[in-house]
Amino acid sequence: MTLPYAEPLTKLAPGPRVIPEPPRVGEPGGDPCGLCAWISDPAASGHEPPLWQNEDWVLCRATGITIPGIVWLTTREHHDSFADLPDRVAASYGGVVARIERAILALGDIARVHVYRWGDGSAHFHVWFYPRPLGMLEARREMLALWADLMPELPKEVAVEAEQKIAAAMRAGDPQP
Ligand SMILES: [Zn+2]
């Protein structure tokens, strides 16, 4: 693993703790949850519709991505973390993540799909999918997110092509009426 910075870096000590922490988006005292507004009416919020959705989950495109296939998954309803998911939603999580992982891997030239949950920005449950490009050993483990932040933004058509393939694969896996 390699940091995407040149040496020498200087090690920092952690700063003083900030308690109570400032409210996140979508929790009491914070900004209202834009995700809830978008999911209930994508057109009204001026954003594109999701890549795929079912009764519990919504798969979303990210903006300004640097690696084809970076997407994120959120819950249709406002829950914070795994600990807060209703049983039905929690039970379906693994299967939905597996479908998304397969759809991303099918793009090709991907060593592994990293699934990240941070939750420090918005209090509406969401996980990120970061495909690690095949052979990009310097971006193994937690380094991928750092590299992805610093790499050049993809041309829009490249990002959209990958998103459309993922969306098509997800739709193809839906139960047929
Ligand atoms: Zn919400």
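Everything below is about the structure shown above.
In this convention, every chain numbers its residues from 1, walking through the sequence in written order. Since the coordinates come from a predicted model, pLDDT governs what is reported: local features require at least 70, and pairs of side-chain atoms require 80 or more to be given and counted, while whole-chain, interface and lining totals use all residues. Side-chain calculation: all heavy atoms of the structure are included, whereas hydrogens and water are not.

Caption draft 1: Molecular detail of the packing of helix H2 (residues 87-105) against helix H4 (residues 156-172). Running from N to C, H2 and H4 point in directions that differ by 135 degrees, and their axes come no closer than 9 Å. When the interaxial angle is binned, H2 and H4 end up oblique. As H2 runs across H4, the sense of the crossing is right-handed. Two secondary-structure elements touch here, H2 through Arg99, Ile100, Ala103 and Ile104 and H4 through Ile166, Ala169 and Met170. Ten residues, namely Ala, Val, Leu, Ile, Met, Phe, Trp, Tyr, Cys and Pro, are considered nonpolar, four, namely Asp, Glu, Lys and Arg, are considered charged, and the remaining ones, Gly among them, are considered polar. Of the residues contributing to the contact of H2 with H4, the split by class is 6 nonpolar, no polar and 1 charged. Working convention: axes come from line fits to C-alpha atoms, limited for helices to the stretch in contact. Angles between N-to-C directions cover 0 to 180 degrees. Secondary structure counts use DSSP, requiring at least four H or I residues in a row for a helix and at least two E residues in a row for a strand, with both numbered from the N terminus. The cut-offs work like this: below 35 degrees is roughly parallel, past 145 is roughly antiparallel, 65 to 115 is roughly perpendicular, and the gaps in between are oblique. Should the near helix be turned counterclockwise from the far one by less than a right angle, the crossing is left-handed, whereas a clockwise turn marks it as right-handed. When checking whether two residues touch, look at their non-hydrogen atoms; a contact exists if any pair is within 4.5 Å.

Caption draft 2: Spatial organisation of the sheet that holds strand E2 (residues 57-61). Spatially, the 5 strands line up as an open sheet ordered E1-E2-E3-E5-E4, and their pairing is antiparallel. Whereas interior strands pair on both sides, the edge strands pair on one side only; in this sheet they are strand E1 (52-53) and strand E4 (110-116). Alignment of strand E3 (residues 71-75) against strand E5 (residues 126-133), held across 4 bridges, turns out to be antiparallel. Looking across to E5, one finds that Thr74 is bridged to His126. Along the sheet, helix H3 (residues 143-150) makes contact with E4 and E5, crossing E5 at roughly 80 degrees. Along the sheet, H4 contacts E1, E2 and E3; its crossing angle with E2, the most-contacted strand, is approximately 160 degrees. Two strands pair under a simple rule: DSSP has to find at least two bridges between them.

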